[in-house]
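This is what each chain is made of:
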Amino acid sequence: MSLVNIKSMLQKALRDCYAILHVNVVNYDMIKIAALTAQETKSPIIIAISEKALKGFNGPKDFADLVRHVVKQYKITIPLAIHLDHGEYKTVISAIKAGFTSVMYDGSKLPLTTNLKNTRRIVTLAHAKNISVECEVGTVPGKSKDHGAKGQLATVQECKLMVQTGIDALAAGIGNLHGNYPKDWQGLNFQRLEEIHQAIPNTPLVLHGGSGIPANQIKKAIQLGVCKFNVGTELLVAFSKELARYFIEGEYRDKHGYDLRNYFPQGLNKIRDVIMEKLKFLGSYNKTR
């Protein structure tokens, strides 16, 4: 099966009450680790890149071609989507042309009428090429200094209007945040999530800012229609902690310990461990058998 859009995998997850892991990557090694771990566990997966992280590549086509190379080189057969995360309008159009199988247009900071107008255009262009579309209402804020302890909430009406554009998945703000959560974070708003799910029960919902949300809240969110779970920060933290340990404990003093080929794989193994844990926890483990 291999390269797919996210529509069918999310609809199956919604029906059977589990979630698909969306992995935000920043380089070739993370692409490879994510794909191989999903293949090993027979789990569908979404390999995504943010607009900011795309700056480390020579444009969207470079990234899409690299993922395709990994899929071919390592004989990946599980359903895998190449996804743009939080793209602005022009970047989304470029990703559609570049061969992504899925795109997220984030117009949540724009007036709702503009967000809806742009989304309709993107849905038309993307669906003509069998590319799935995710969009956002109720902005999921970024760095903690920008939002404090409380994330924004999407309204039920906003969600209904966005679904009417023909999107395949909806990221609705329910108090979730990107990056590391502050200690006084107030948690997910399950009342609003339940209201949204009841209003649009057939639409897969997406939980952004998955790094740091308590396990019991994630499980409850899945019961209320969330079937795509985004993680990125947690992977980078795991990698960085392992490299910090390596140098703080002095392993680099061993013979050739300064050679990144000796310590870089240790950090990647920690990323693999987190991905493996998430695939099992979200319930997508063995779902491609």
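Preceding this paragraph is the structure being described.
One structure accompanies this document, and this report is about it. Keep in mind it's a predicted model, so treat the numbers as computed, not measured.

Moving on, we come to the sheet that holds strand β3 (residues 80-87). As summarised here, the arrangement of the 8 strands in space is β1-β2-β3-β4-β5-β6-β7-β8, forming a closed barrel in which the pairing is parallel. Strand-to-strand twist across the sheet, computed as the mean angle between neighbouring axes with direction ignored, equals 25°. In this sheet, strand β6 (residues 169-172) lies alongside strand β5 (residues 132-137) in parallel orientation, the contact comprising 4 bridges. Counterpart to glutamate 136 in the pairing with β6 is alanine 171. Of the strands in this sheet, β1 (20-24), β2 (45-50), β3, β5, β6 and β8 (226-231) touch helix α1 (residues 7-16), which is tilted by about 120° from β8.

Pairing is possible between side chains that carry opposite charge, provided their charged atoms lie close to one another. Per the counting criterion, the structure on display carries 10 salt bridges. The partner of glutamate 195 in a salt bridge is arginine 192, with the nearest N and O atoms 3.1 Å apart. Here the residue glutamate 195 and the residue arginine 192 both occupy positions in helix α8 (residues 190-199), the gap between them amounting to 3 residues, near one helical turn. Glutamate 195 sits in the partly exposed class, given a relative accessible area of 31%. Note that arginine 245 is salt-bridged to glutamate 242, the shortest N-O span being 2.8 Å. In this pair, arginine 245 and glutamate 242 are both assigned in helix α10 (residues 233-248), 3 residues apart and thus about one turn of the helix distant.

A few words now on unusual backbone geometry. Negative phi characterises most residues that are not glycine, and trans characterises most peptide bonds. You will see that lysine 42, though not glycine, has its phi angle at about 55°, which is positive. Relative to the helices and strands, lysine 42 is located in the loop between α2 (28-41) and β2. By relative accessible area, lysine 42 is classed as partly exposed at 27%. For asparagine 286, which is not glycine, the phi torsion reads 70° and is therefore positive. You can call asparagine 286 partly exposed: its relative accessible area is 29%.

Here is what the cut-offs are and how they apply
- Sequence order as written defines the numbering, with residues in each chain counted from 1.
- It should be noted that, the model being predicted, local features are given only for residues of pLDDT at least 70 and side-chain atom pairs only at 80 or more, the latter also being counted only at that level, while totals for whole chains, interfaces and linings use all residues.
- Each side-chain value is derived from all of the structure's non-hydrogen atoms; neither hydrogens nor water enter the calculation.
- When DSSP locates at least two bridges between a pair of strands, those strands are taken to pair.
- Labels follow the DSSP assignment, with helices taken as runs of H or I lasting at least four residues and strands as runs of E lasting at least two, numbered in each case from the N terminus.
- Every axis in this analysis is a line fitted to C-alpha atoms, fitted for helices over the stretch in contact. Angles between the N-to-C directions lie between 0 and 180 degrees.
- Whether two residues are in contact is decided by their heavy atoms: any pair within 4.5 Å suffices.
- Just to be clear on terms, a salt bridge is a Lys or Arg side-chain nitrogen sitting within 4 Å of an Asp or Glu carboxyl oxygen.
- Per-residue accessibility, obtained with a 1.4 Å probe over protein chains only, is compared with the maximum for each type, and a residue is labelled buried under 20%, exposed over 50%, and partly exposed between these values.

So, to be careful, I would describe these as geometric facts and stop short of saying anything about function.
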